[in-house]
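# A closer look at the structure
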Amino acid sequence: GDSHCCHQYFGGDLEGILDRLDDLEARGITTLYMNPIFAAGSAHGYDTENYRLVAPNFGDSTVLRTLLDRAHARDLRVIWDFVPNHVGIGHWAFQHAVDNGETSPYWDWFHFKVPADSIQVGNADHYDAWWDFGSLPELQTQNPEVMDHLLKVAADWTRFGFDGIRVDVPGDLGNPGQFFPAWRNAVKAVDPDVYLVGEIWERDPIWLRGDQFDALMNYALGQGMVEPFARGDTPGPVAAREMAAQYAAYPEASVAMSFNVIASHDTDRLLTMMGGGDLGEVADAESRARHKLAAAVLYALPGMPMTFQGDECAFLGRSGGRHTARYPMQWDACDADFVTHYAALAALKRSLPALASPAFRAFPRSGGLLAFYRGEPGPGEVLAVFNNASSSETMTVPPGEWEDRGDGGIWSGSVTVPGFGWRYLERK
């Protein structure tokens, strides 16, 4: 059935990540964000049963400790997924409240709508539940005991060694303006450099005032601008204007730390977005080229380009229905050409200082070309150019010599960009 995505385990675990650290490093990956790994009632893990216990099917705290240590030895950062808004019906506090009614010290951790002796576990009419899913009872985060518990959990896992925290549905909490400043203070007191990112899909700078998150999951950029440009639906000049407007709305420090994502576990796969089809189908040459173009744009933008595992392998899959986008990682089926493409982009991201800068300046063009500067003006700045049309296009470049850091070519006066192609031009 259509709920197949959320109840079927396929066998992946923390040891499997340890076994693949060489592969991750070879692909240029520097940050690993894991969906929930703690004890939960389903395969998706967002119905937490115990925030302090690694899910037994994934491993235990010893394996997790080894993973963090070995990742850090490779300068690889690891982010965990925090779900403070709701738990699963198997959570110990919810079970105690249901079993003991109003005498339970955890009764007020939840909002029950019926008397204790009438509660049907799984019935969303009987208690507040996230989006009316009875399997996901909401926590009353306004309750000081609930808040204290959650803040201690976050601080303790930061102390354990995680480098960052991604927060699930922060906007759904009943008191985000109270909760997240306290949460930020709690974890930053343990590690001032811990990276805090919220699952906010739209452009919303209110979360980035320095008292809540360092960055947001930047779907507003990835799906609002990069995806339609790469698909050929948005002209380059329009995409450039929208990007400039977003960067003008966000603090520069946050721009530098952006969590830039197009596809994730909650969306279609990137190649599917580009017209490649669903799991089991064969993507055509155009959709493959557009996928590579989208990745090249993402890597050129300020912040971190985030890739859903398997997109760098050219996998297909849709969200919704059977969620074929979440099909297990097939390492042996990875497309070598795509893996090489992503590794090359990662190498350019690391080697070009301009791409580490938050500086973004649009370079006005027309037609299918999207162009923008990265870095401060002068030697070393990068002019990134992208073509979402099938035929090559030529554009004038500013005076001086520009080196294409992808193929080593030197351009002056003008530059030709192949169909569905791109160039990272560095000023000499």
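For the structure, see preceding data.
Summary of the structure given here. (Residues numbered from 1 in each chain as written. Predicted model: local features only at pLDDT ≥ 70, side-chain atom pairs only at ≥ 80, totals over all residues. Heavy atoms only, no water.)

Moving on, we get to the nonpolar core. Formed by 101 residues in total, the largest nonpolar core has its most connected members in Trp183, Met243, Phe386 and Tyr424. When residues of this core are assigned to their parent elements, the largest contribution, eight residues, is made by helix α11 (residues 285–300). Discounting chain neighbours no more than four positions away, the residues touching methionine 243 are Leu221, Met225, Val226, Val297, Leu301, Phe360, Leu370 and Phe372. (Core = buried A, V, L, I, M, F, W, Y, C linked by side-chain atoms within 4.5 Å. Buried < 20%, exposed > 50% of the residue type's maximum accessible area, 1.4 Å probe, protein only. Helix = DSSP H or I, 4+ residues; strand = E, 2+ residues; numbered from the N terminus. Contact = heavy atoms within 4.5 Å.)

Turning next to the layout of surface pockets. Estimates place the volume of the second largest pocket at around 280 Å³. Gly280, Glu281, Ala314, Phe315 and Leu316 are the residues nearest the centre of the second largest pocket, which is lined by 16 residues in total. Along the lines of polarity and charge, the residues of the lining of the second largest pocket split into ten nonpolar, three polar and three charged. (1 Å grid on protein atoms, 1.4 Å probe; cavity = no way out; pocket = protein on both sides within 12 Å on 5 of 7 lines; lining within 4 Å. Points joined across faces, edges and corners; volume = space filled by probe spheres on them. Nonpolar A, V, L, I, M, F, W, Y, C, P; charged D, E, K, R; others polar.)

In this section: the packing of aromatic side chains. Summed over all chains, the structure comprises 34 aromatic pairs. Ring centres of phenylalanine 179 and phenylalanine 180 lie 5.1 Å apart, and the angle between their planes is 85°; on these two criteria the pair is classed as edge-to-face. The two residues phenylalanine 179 and phenylalanine 180 agree in class, both being buried. Feature note: the residues Phe38, Tyr51, Trp80, Phe82, Trp157, Phe160 and Phe162 constitute an aromatic cluster, connected by ring pairs. The ring centre of tyrosine 373 lies 4.4 Å from the NZ or CZ of arginine 361, which sits over that ring. (Phe/Tyr/Trp six-rings, centres within 6.5 Å; stacked < 30°, edge-to-face > 60°. Lys NZ or Arg CZ within 6 Å of the ring centre and 35° of its normal.)

Let us now look at the state of the cysteines. Here the structure, examined in full by the defined rule, presents one disulfide. Disulfide pairing is shown between cysteine 313 and cysteine 334; the S-S distance is 2.0 Å. Handedness here is read from the sign of the S-S torsion; for cysteine 313 and cysteine 334, about 50°, the answer is right-handed. Residue cysteine 313 is located in the loop between β9 (304–306) and α12 (336–351), and its partner cysteine 334 is located in the loop between β9 and α12; the two are separated by 21 residues in the primary sequence. With relative accessibility at 1%, the residue cysteine 313 sits in the buried group. By relative accessible area, cysteine 334 is classed as buried at 17%. (Disulfide = S-S within 2.5 Å.)

By the definition in use, this model includes three cavities of 30 Å³ or more. If you add up the space inside the largest cavity, you get close to 80 Å³. Lining the largest cavity we find Ile262, Ala263, Leu270, Ala295, Leu298, Tyr299, Met306, Thr307, Phe308, Asp311 and Tyr342. A per-element tally of the lining of the largest cavity places α11 first, with three residues. Split into classes, the residues belonging to the lining of the largest cavity amount to nine nonpolar, one polar and one charged. For the second largest cavity, the calculated volume is near 50 Å³. Along the walls of the second largest cavity sit Tyr9, Pro36, Phe38, Ala40, Ser42, Ala43, Gly45, Ala55, Asn57 and Phe58, which together make up its complete lining.

Next up on the list: the pairing of strand β12 (residues 382–387). Burial runs high along β12: six of the six residues are buried. As judged from the five bridges shared by β12 and strand β17 (residues 422–427), these two strands associate in the antiparallel manner. The residue bridging alanine 384 from the neighbouring strand is tyrosine 424, located in β17. (Pairing = 2+ DSSP bridges.)

In this section: the sheet that holds strand β1 (residues 31–33). Strand order in the open sheet made by the five strands is β1-β4-β5-β6-β7, with parallel pairing throughout. The sheet terminates laterally at β1 and β7 (215–216), the two strands that pair on one side only. Sheet contacts for helix α5 (residues 144–160): β4 (77–82) and β5 (164–167); angle to β4, the most-contacted strand, approximately 165°. (Axes fitted to C-alpha atoms, helices over the stretch in contact; angles between N-to-C directions.)

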